[in-house]
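Structural characterization, general
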Amino acid sequence: MNKKLAALLQQYNLTVFENMAYGVIQGYEISVRVPNTMEQFCYIHASFYATEDKKNAIAAELAKSKPRLGAALTAYGLKVAYPVFIMSSLIKNLPVIFQRLTDLLKQYEAPGAEFCPYCGQPLDPANKKRCSIDGFSVTLNADCVGSINKQIDEENRAFANAPNNYIRGICGALIGGVVGAGLVIGFYFLGYVASVAALIAVMLGAFLYRKFGGKPNTVMIVIVSVVSLIFILLGFVAANLIEDASILMTNDLGELLENMVWQLQNNPEGYARAFYTNLAMLLVFTAIGIGVMIFSLAKQIKRPKNIS
């Protein structure tokens, strides 16, 4: 962790370890996760018990504050996200964020660190447990930990027993693939080769795969990725065929064939090089796009694990 940032966090009596910090600020349990090489956000989790409506109200207030903050509801409070472009910006704004967050929690009369953020009951000193949940430290009553783990087991069991619905899911993936192929054709005639087609094809395919009833698991990622790749390649071939057809329509057939024969006889390598160069570039950008989406989807389909 950045030394200046670590020093700032320690001024709030937070315990700093690796890229995390934990402690109590203004009476509220706070966990901070500092951005690493794979993240562009600093995440702050405030643990407190409140109704969903009250949490939404606090999140809406944070969204209007300066700096503007995104907040997601959790079963144990709120997870606040602050985009980090340069570390000095985070160091400058973190005190403001802490103050704004704790002021809002007090304003909405959210119970502090002495209460279980899951059930709202006072924490039992002899029967409480600090747990690691989604990378944040949250203190709960031990009885609540057991109830939460039981619920997680039931949900995972129900998910495992749910039908896969591969056929319906594949139909959704095919629609995403067709859209990707259309984008490849469009970009081809604009003179571009980009990973956007793969990104949209996989993203839309995965969305429709689930929308049509397919189970969001590893098989979904494989199917959507393969279907997207196939259709993007088909789109590239189609773009070349359309280009050839348009040339035939706008040129004298005899002269065009004579020119093609001359090219093949005198420069066969150069004639094919353009096609394979464009194909190689398409494959590289497609691999980048699909890789980015696989990483994103893998996080989305990750099933919750028991807390401890």
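Residues numbered from 1 in each chain as written. Predicted model: local features only at pLDDT ≥ 70, side-chain atom pairs only at ≥ 80, totals over all residues. Heavy atoms only, no water.

1. A short note on the side chain of Glu 29
What counts is decided by this rule: Helix and strand assignments follow DSSP, with helices taken as H or I runs no shorter than four residues and strands as E runs no shorter than two, numbered in order from the N terminus. Any residue under 20% of the maximum accessible area for its type is buried, any over 50% is exposed, and the rest in between are partly exposed; the area is computed with a 1.4 Å probe on protein chains only. We treat Lys and Arg as the positive residues and Asp and Glu as the negative residues; His and chain ends play no part in the count. Any Lys or Arg side-chain nitrogen located within 4 Å of an Asp or Glu carboxyl oxygen qualifies as a salt bridge. In protein, a polar contact requires one atom able to donate a hydrogen and another able to accept it; more generally it is a pair of N or O atoms within 3.5 Å, and residues adjacent in sequence count only if both atoms are side-chain atoms.
Structurally, Glu 29 can be placed in strand β3 (residues 28-33). Buried Glu 29, no salt bridge; nearest opposite-charge side chain is Arg 130, N-O distance 5.1 Å. Separated by 2.5 Å, the side chains of Glu 29 and Tyr 22 make a polar contact. For Glu 29, the side chain forms a polar contact with the side chain of Thr 139, separated by 2.6 Å.

2. Notes on a nonpolar patch on the surface
Definition in use: Nonpolar side chains (Val, Leu, Ile, Met, Phe, Trp, Tyr) are joined into patches within 5 Å and like charges within 9 Å, using only residues with over 30% relative accessible area and no salt bridge. In this description, accessible areas are obtained by the Shrake-Rupley approach with a 1.4 Å probe, and a residue is regarded as covered only by the protein chains that are shown.
A surface patch of nonpolar side chains, amounting to about 340 Å² of accessible area, comprises Val 222, Val 226, Ile 230 and Leu 234. With respect to the element layout, Val 226 can be found in helix α7 (residues 218-250). The class for Val 226 is partly exposed, based on a relative accessible area of 44%.

3. Re the packing of aromatic side chains
Rule in force here: Each Phe, Tyr or Trp ring (for Trp, its six-membered ring) is paired with any other whose centre lies within 6.5 Å, and the angle between the two planes then decides the class: stacked below 30 degrees, edge-to-face above 60, tilted in between. The criterion is that NZ of a Lys, or CZ of an Arg, lies within 6 Å of the ring centre and within 35 degrees of the ring normal, and then a charge sits over that ring.
For the structure shown, the criterion picks out five aromatic pairs. Seen from their ring centres, Tyr 188 and Phe 189 are 5.4 Å apart, and the 85 degrees between their planes marks the pair as edge-to-face. What makes Phe 189 partly exposed here is its relative accessible area of 43%. Of note, Lys 79 hangs over the ring of Tyr 43, and the distance from its end group to the ring centre comes to 5.1 Å. Taking the ring centre of Phe 159 as reference, the NZ or CZ of Lys 215 above it sits at 5.2 Å.

4. Examining the environment of Ile 167
Residue position: Ile 167 is located in helix α5 (residues 166-190). By relative accessible area, Ile 167 is classed as exposed at 65%. On a C-alpha basis, the gap between Ile 167 and Tyr 209 in space is 9.4 Å, while along the polypeptide they are 42 residues apart.

5. Thoughts on the pairing of strand β8 (residues 136-141)
Selection rule: What makes two strands pair is DSSP finding at least two bridges between them.
The buried fraction of β8 is high, at six of six residues. Residues of β8 alternate between two faces, with Phe 136, Val 138 and Leu 140 on one and Ser 137, Thr 139 and Asn 141 on the opposite face, all of them buried. Pairing of strand β7 (residues 128-133) with β8, which is carried by six bridges, proceeds in the antiparallel orientation. From the neighbouring strand, Arg 130 faces β8, where its bridge partner is Thr 139. Counted between consecutive antiparallel strands, the loop separating β7 from β8 contains two residues, among which Asp 134 sits at a positive phi close to 55 degrees.

6. What about the pattern of salt bridges?
Enumeration over the complete set of coordinates arrives at one salt bridge. Here Glu 61 and Arg 100 are joined by a salt bridge, their closest N and O atoms 3.6 Å apart. Placement of the pair is Glu 61 in helix α2 (residues 52-64) and Arg 100 in helix α3 (residues 87-107), with a sequence separation of 39 residues. Here Arg 100 falls in the partly exposed class, since its relative accessible area comes to 29%.

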